[in-house]
Amino acid sequence: MSRQTALIIDDEPDIRELLEITLGRMNLQTRSACNAKEAYQWLAREHFDLCLTDMRLPDGTGLDIIRFVQKNHSQTPIAMITAYGCVETATEALKAGAFDFITKPVDLVRLRELVKSALYLREPYTPVQMTESPLLGQSQPMQKLRNQIAKLARSQAPVYISGESGSGKELVARQIHLQGARAKHPFIPVNCGAIPAELMESEFFGHKKGSFTGATDDKPGLFQAAQGGTLFLDEVADLPLSMQVKLLRALQEKAIRPVGSQQEHQVDVRILSATHKDLAQEVAAERFRQDLYYRLNVIELAVPPLRERIEDIEQLSLSILKRLSGDGPAVRLHPEALFKLQNHVFSGNVRELENILERAYTLAEGEFILPNDLHISPVKTPSTPAQQPVQSASAGAGAGAGAGAGAGAQHVKTAANTADLHSLEHIDNLEAHLEDVERTLITQALEETRWNRTAAAERLGLSFRSLRYRLKKLGID
């Protein structure tokens, strides 16, 4: 079996020699380049399993080489060697595509860990204990999200996962961990808003016996528990400012000091963070440190809300009901109940869908969950007009959505009045009546816009995807 090969790029002979000896002892072949020109020549001649590049070179920068490797040899992990304390440079390298960085003077223990992680990235990933991705859905936003996760898993860069409550941010973080080089090591999630402020430092960094009243034993912290793996900081915006300072130092130095200890301990942990708040707004309001924000938000990954992928609701519902049924009798979702779910604005996202179906599963009589079993309350204030499902009924009927804004909302209101929705005198079947009203409103909007679907969607306060779904459902050509 051929030995793996690493390319070392540094203009300092002593550094090159140190790296060659260290990697040689790890049974790697090495090639060396003292400048960018030599590096490009080696990359054109040979295939490499790993690249290490200095930031400053006589005829270029390490960032140029990182971008070149990302573009032309995307399967080759590359790490940056930076001067001590150059956090901005390291962050820029991670954004450019470096999977990790190491500072000078080179710590050989840290170097060996970095090399092992890089070589692990070369191995093909096999999904663990699952026949399908736990991130369900075939919508475009979900396909994009899964592709982004696969790419980010190959990096060691900190990732800030943004998204609304209940959208699945922790599940996304777990997938980044499981598909990456740290999958064999711990994944430690922590809700930053659930830890009392006075215990926060001890929880994160650990403490020594006798360091405070009640400290009867040495206790390792969350950083030590996640050693070699991933620490997921959920609701990171809830960290008090005093703790933000200490966390920033731990991330910059890659070291922690337990409460009551005089010594720092090196830690090798990848940081993933998330919050349902707008972290940039928290920085602007001076509730979150700007330097910590830039350290955590090297790469941002947005998790789409459920209302932006309504076509996934059916698959999600089937999966949830299958889990709820277990070994018992299967309970299915009636088509009218599915329609009602697809017209609901999920402010609580997938978590809300799970709660609705769990309650409906308990209340349902027979093999079908009917619309009345869902007990969905009308939602009057969706987030943005462009993300609203079509209004299928008046607020009193509560079939699932709020009105649009501006001219679109006024148009729907006028048409609804014309249809006389408040009168029950001539309604024999509510669901059929709602479909008739929806068909009337959509057809009217299409006619007024000369069947321009984009313009009609805007007029109704819908996304184009939502309108296209309804046209198909209602059989409108």
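Summarised in this report is the structure supplied together with it. Everything numeric here is computed off the predicted structure, so don't read it as measured data.

Secondary structure summary: the protein contains 20 helices and 16 strands in total. Burial status across the protein gives 49% buried among its 477 residues. Within the protein, residue pairs in contact and separated by at least 24 positions form 69% of the contacts whose partners lie at least 6 positions apart. When the accessible surface of the protein is summed, it comes to about 23,700 Å², and 49% of that surface belongs to carbon and sulfur atoms.

This paragraph deals with helix H14 (residues 335-342). The buried fraction of H14 is high, at six of eight residues. All buried positions along H14 are accounted for by Ala337, Leu338, Phe339, Lys340, Leu341 and Gln342.

For the rest of this paragraph, the subject is the nonpolar core. Among the nonpolar cores identified, the biggest contains 42 residues, and Ile65, Ile161, Val172, Ile176 and Leu301 are the most heavily contacted of them. Sequence-distant contacts of isoleucine 176, defined by excluding residues within four places in its chain, comprise Ile149, Leu152, Ala153, Val159, Ile161, Arg270, Leu272 and Leu301. Listed in part, the 31 residues of the second largest apolar core include Met200, Val236, Ala237 and Leu247.

Our focus in this paragraph is the side chain of threonine 76. As for its placement among the helices and strands, threonine 76 is situated in the loop between helix H3 (62-72) and strand E6 (78-83). Residue classification places threonine 76 among the buried positions, given a relative accessible area of 6%. From its side chain, threonine 76 meets the backbone oxygen of phenylalanine 48 in a polar contact 3.1 Å long.

Pairing is parallel across the open sheet formed by five strands, whose spatial order is E2-E1-E3-E6-E7. Across the chains shown, the open sheet's two edge strands, defined by having one partner strand only, are strand E2 (29-33) and strand E7 (100-104). In this sheet, adjacent strand axes meet at a mean angle of 20 degrees when their direction is disregarded. Set on the sheet, helix H2 (residues 36-45) makes contact with strand E1 (5-9), E2 and strand E3 (50-54); between it and E2 the angle comes to about 140 degrees.

Think of a sheet as strands paired side by side through backbone hydrogen bonds, with each pair either parallel or antiparallel. Reading across from one edge, E9-E10-E13-E8-E14 is the order of the five strands in this open sheet, with parallel pairing throughout. Both outer strands of the open sheet, strand E9 (187-191) and strand E14 (299-302), are each paired with one neighbouring strand and no more. In this sheet, neighbouring strand axes are inclined to one another by 20 degrees on average, regardless of whether the strands run parallel or antiparallel.

Quick look at the pairing of E14 now. Of the two faces of E14, only one is covered, namely that formed by Ile299 and Leu301; the face formed by Glu300 and Ala302 stays uncovered. Direction of pairing for strand E8 (residues 159-162) relative to E14: parallel, over a ladder of four bridges. Residue pairing for E14: isoleucine 161 is matched across the bridge by leucine 301.

Another point: unusual backbone geometry. Between lysine 104 and proline 105 the backbone carries a cis peptide bond, its omega angle lying at -5 degrees. Within the secondary structure, proline 105 sits in the loop between E7 and helix H5 (108-121). One non-glycine residue with positive phi stands out, namely glutamate 235, at about 50 degrees. With phi around 65 degrees, glutamate 286 is a residue other than glycine that occupies positive phi space.

Our next topic: the environment of alanine 79. Assignment of secondary structure puts alanine 79 in strand E6. Considered as a pair, alanine 79 and isoleucine 102 are 23 residues apart in the sequence and their alpha carbons are 7.5 Å apart. Setting aside anything within four residues of it in sequence, one finds alanine 79 in contact with Cys51, Leu52, Thr53, Phe99, Asp100 and Leu114.

Rules behind the numbers
- Residues numbered from 1 in each chain as written.
- Predicted model: local features only at pLDDT ≥ 70, side-chain atom pairs only at ≥ 80, totals over all residues.
- Heavy atoms only, no water.
- Helix = DSSP H or I, 4+ residues; strand = E, 2+ residues; numbered from the N terminus.
- Buried < 20%, exposed > 50% of the residue type's maximum accessible area, 1.4 Å probe, protein only.
- Contact = heavy atoms within 4.5 Å.
- Areas by Shrake-Rupley, 256 points an atom, 1.4 Å probe, with all protein chains shown as cover.
- Core = buried A, V, L, I, M, F, W, Y, C linked by side-chain atoms within 4.5 Å.
- Polar contact = N/O pair within 3.5 Å; in protein donor to acceptor, adjacent residues only side chain to side chain.
- Pairing = 2+ DSSP bridges.
- Axes fitted to C-alpha atoms, helices over the stretch in contact; angles between N-to-C directions.

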